[in-house]
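Observations on the model geometry
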Amino acid sequence: MREIREFSVVIEQDADGYFVASVPELRGCHTQAKSLDTLMKRIREAIELCLEDQEDTFVPSNFIGVQRIRV
C-alpha cells in the first residue's frame, strides 16, 4: 500500500468560466472543469498519474502560499 501524501492545489477561474487546478509540487500536473466538484475529482486523478510518472524523481517541497502584487 502506498503512503498517503498531501498536496497543495492552486485553483483559478479562466475567462471562459472554467476552473483550472494545478499542483506546484508536480511538474505538468494540471486539469480543468466547469464545476469545482468535477475539478477536484480530475485533479486527484491527475495527481495519481503524475506520481506514477514521476515516482523516481519526485522530491517533496513545502508550499508556502500565493501572493498578489500590483504593478
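Residues numbered from 1 in each chain as written. Predicted model: local features only at pLDDT ≥ 70, side-chain atom pairs only at ≥ 80, totals over all residues. Heavy atoms only, no water.

Re the overall build of the protein chain
Counted only if it meets this: Helix numbers and strand numbers start at the N terminus; a helix is a DSSP run of H or I with at least 4 residues, a strand a run of E with at least 2. Between two residues, a contact is recorded if the distance between any of their heavy atoms is within 4.5 Å. Using the Shrake-Rupley algorithm and a 1.4 Å probe, accessible areas are obtained, with residue cover drawn only from the displayed protein chains.
Of the regular secondary structure elements, the protein chain holds one helix and three strands. Secondary structure elements of the protein chain, listed N to C terminal, follow the sequence β-β-β-α. Dimensions of the protein chain, computed from C-alpha atoms along their principal axes, come out at roughly 40 × 30 × 15 Å. A separation of at least 24 residues holds for 28% of the contacts in the protein chain among residues at least 6 apart in sequence. Carbon together with sulfur atoms contributes 48% to the accessible area of the protein chain, which is approximately 6,100 Å² in total.

Describing the nonpolar core
Selection criterion: To define a nonpolar core, start from buried Ala, Val, Leu, Ile, Met, Phe, Trp, Tyr and Cys residues and group those joined through side-chain atoms within 4.5 Å. Each residue's exposure class comes from its accessible area (1.4 Å probe, protein chains only) as a fraction of the maximum for that residue type: buried when under 20%, exposed when over 50%, partly exposed otherwise.
Grouped together as the largest cluster of nonpolar side chains are 14 residues, with contacts concentrated most on Phe7, Val23, Leu26, Cys29, Ile43 and Ile47. Contributing elements (two or more residues each) for this core: strand 2 (19-22) and helix 1 (36-54). The element that contributes the greatest number of residues to this core is helix 1, accounting for six residues.

Structural notes on the packing of aromatic side chains
Counted only if it meets this: Any pair of Phe, Tyr and Trp rings, taking the six-membered ring for Trp, is counted once the centres come within 6.5 Å. Such a pair is stacked with planes under 30 degrees apart, edge-to-face with planes over 60 apart, and tilted for the rest. In our convention, an over-ring charge means Lys NZ or Arg CZ found within 6 Å of a ring centre and within 35 degrees of that ring's normal.
Following the criterion strictly, the structure yields zero aromatic pairs and no others. When the ring centre of Tyr18 is taken as reference, the NZ or CZ atom of Lys34 above it lies at 4.5 Å.

Thoughts on the environment of Lys34
Here is the rule we go by: Polar contacts here mean pairs of N or O atoms no more than 3.5 Å apart (in protein, one a potential hydrogen donor and the other a potential acceptor; neighbouring residues in sequence count only if both atoms are side-chain atoms).
Looking at the secondary structure, you find Lys34 in the loop between strand 3 (30-33) and helix 1. As a C-alpha pair, Lys34 and Phe19 span 15 residues in sequence and 6.0 Å in three-dimensional space. When sequence neighbours within four positions are dropped, the list of residues in contact with Lys34 reads Asp16, Gly17, Tyr18 and Phe19. At 3.2 Å, the side chain of Lys34 and the backbone oxygen of Asp16 are in polar contact.

Observations regarding the pairing of strand 3
Where we set the bar: DSSP bridges decide pairing: two strands pair if at least two such bridges lie between them.
Only one face of strand 3 is buried: it carries Thr31 and Ala33, and the other face, with His30 and Gln32, is open. Here four bridges tie strand 2 to strand 3, and the two strands are oriented antiparallel to one another. Residue pairing for strand 3: Val20 is matched across the bridge by Gln32.

A word on a negative patch on the surface
Using the following cut-off: The patch calculation keeps residues exceeding 30% relative accessible area without a salt bridge and links them within 9 Å when they carry like charges or within 5 Å when they are nonpolar (Val, Leu, Ile, Met, Phe, Trp, Tyr). We define a salt bridge as a side-chain nitrogen of Lys or Arg found within 4 Å of a carboxyl oxygen belonging to Asp or Glu. Only four residue types enter the tally: Lys and Arg on the positive side, Asp and Glu on the negative side, with His and both chain ends excluded. For the purpose of locating charges, the reference atoms are NZ of Lys, CZ of Arg, CG of Asp and CD of Glu.
On the surface, a cluster of negative charge is contributed by Glu45, Glu48, Glu52 and Asp53. Positionally, Glu48 belongs in helix 1. The exposure class of Glu48 is partly exposed, given its relative accessible area of 39%.

So, the pairing of strand 2
Here strand 2 shows one buried face, formed by Phe19 and Ala21, and one open face, formed by Val20 and Ser22. Summarising the sheet, strand 1 (residues 10-13) and strand 2 pair through four bridges and their orientation is antiparallel. The residue bridging Val10 from the neighbouring strand is Ser22, located in strand 2.

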